[in-house]
Amino acid sequence: MTTTRSNATRYDTWMLKTMNDARTKRYHATRRARRRIVAAHLAATAVAAAGMVTPLAVSSPWPLVALLVAGLVWIPLMGLLNSMTRGLLELRPRVLDERQLAERGTVHALAYRISSSVMAAALLGFYAAWLAGAGLDALAAPLATAGFGLLVLHWLLPHWIAALRVQDEPEDDEPWAAPDPT
């Protein structure tokens, strides 16, 4: 199937322009910068997730403060992830070209394999704990926390994989210089 941008809506055009904004390119121009952004996003996600789960067990306000701070950091980092992948996972398929659609499929397949493995490991861990004598009441809180973590992983893993797979932009060749006439 050949995709064209002729059937793009105004929203599609706006999203495409937003995801390809040249002002953010300098923040993720190198592989090292992209890895740092992914690591920072992963850390902010972990802090935010912990801030969401911890208040259920602790009466301190600090987990909510951590959640707020992590959320304020997480939002621009998510924007950088979307910018470095040029909206690969956020844009509608009708505005992506064939190469982008193939990359999107590869990213989703990799994320599926990884998250399926993590879910299988979590399930085996809970099953082993249950067989070892842990009651279902004792496993309720860890099961809820693991379920929430798996949901977050399922949601964000494609973004992290896509961002880590982005190739460096080719450097511009030296402009052709005419020989000095003198």
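This is a predicted model, so every value here is computed, not measured. (Residues numbered from 1 in each chain as written. Predicted model: local features only at pLDDT ≥ 70, side-chain atom pairs only at ≥ 80, totals over all residues. Heavy atoms only, no water.)

Participant: Teacher, can you tell me more about helix H1 (residues 10-19) here?
Facilitator: Residues lying three or four places apart along an α-helix face the same way, a consequence of the helix completing one turn every 3.6 residues. By the burial criterion, the buried members of H1 are Asp12, Met15, Leu16 and Met19. Down the axis of H1, the buried set is contained in an arc of 100 degrees. They therefore lie on one face. Exposed positions of H1 whose direction lies more than 90 degrees from the buried face are Arg10, Trp14 and Lys17. As for H1, its buried residues are in contact with helix H3 (62-84). (Buried < 20%, exposed > 50% of the residue type's maximum accessible area, 1.4 Å probe, protein only. Helix = DSSP H or I, 4+ residues; strand = E, 2+ residues; numbered from the N terminus. Arc of directions from axis to C-beta. Contact = heavy atoms within 4.5 Å.)

Participant: Where do I start with the environment of Tyr112 in this structure?
Facilitator: Here Tyr112 lies in helix H4 (residues 98-131). Tyr112 sits in the exposed class, given a relative accessible area of 58%. Sequence-wise, Tyr112 and Pro158 are 46 residues apart; in three dimensions their C-alpha atoms are separated by 8.4 Å.

Participant: For this particular structure, what's the right way to read the nonpolar core?
Facilitator: One recurring pattern in soluble globular proteins is that nonpolar side chains are buried together. Counting residues in hydrophobic clusters, the biggest one holds 21 residues, and the most contacted among them are Ile37, Leu81, Val107, Leu156, Leu157 and Trp160. Of all elements in the fold, only helix H2 (31-53), H3, H4 and helix H5 (136-165) reach the threshold of two or more residues within this core. When residues of this core are assigned to their parent elements, the largest contribution, eight residues, is made by H5. The residues touching Ile37, leaving out its near neighbours within four places in the chain, are Tyr27, His28, Leu77, Leu80, Leu81 and Met84. (Core = buried A, V, L, I, M, F, W, Y, C linked by side-chain atoms within 4.5 Å.)

Participant: Looking at this structure, how should I read the UniProt feature "transmembrane region" (unreviewed entry) in the chain?
Facilitator: As recorded in UniProt, the feature "transmembrane region" (unreviewed entry) lies at residues 37-58, 64-89, 110-132 and 138-157. For the annotated span residues 64-89, helix accounts for 81% and strand for 0% of the residues, and the straight-line distance between the end C-alpha atoms is 29 Å. Here residues 110-132 is 96% helix and 0% strand, with 33 Å between the C-alpha atoms at its ends. (UniProt positions renumbered as here; feature names shortened; annotations may be inferred.)

Participant: Can you walk me through the pattern of salt bridges in this structure?
Facilitator: Proximity of charged atoms lets side chains of opposite charge pair with each other. Evaluation of the coordinates by the stated rule reveals four salt bridges. Among the salt bridges present, the one from Asp12 reaches Arg92, with a minimum N-O distance of 3.4 Å. With Asp12 in helix H1 and Arg92 in the loop between H3 and H4, this pair connects stretches of sequence that are 80 residues apart. Judged by its relative accessible area of 33%, Arg92 is partly exposed. The partner of Arg23 in a salt bridge is Asp21, and the shortest N-O contact between them spans 2.6 Å. Residue Arg23 is classed as exposed on the basis of its relative accessible area, which comes to 65%. Owing to a relative accessible area of 22%, Asp21 belongs among the partly exposed residues under this scheme. Through salt bridges with shared partners, one network takes in Asp12, Arg92 and Arg94. (Salt bridge = Lys/Arg side-chain N within 4 Å of Asp/Glu carboxyl O.)

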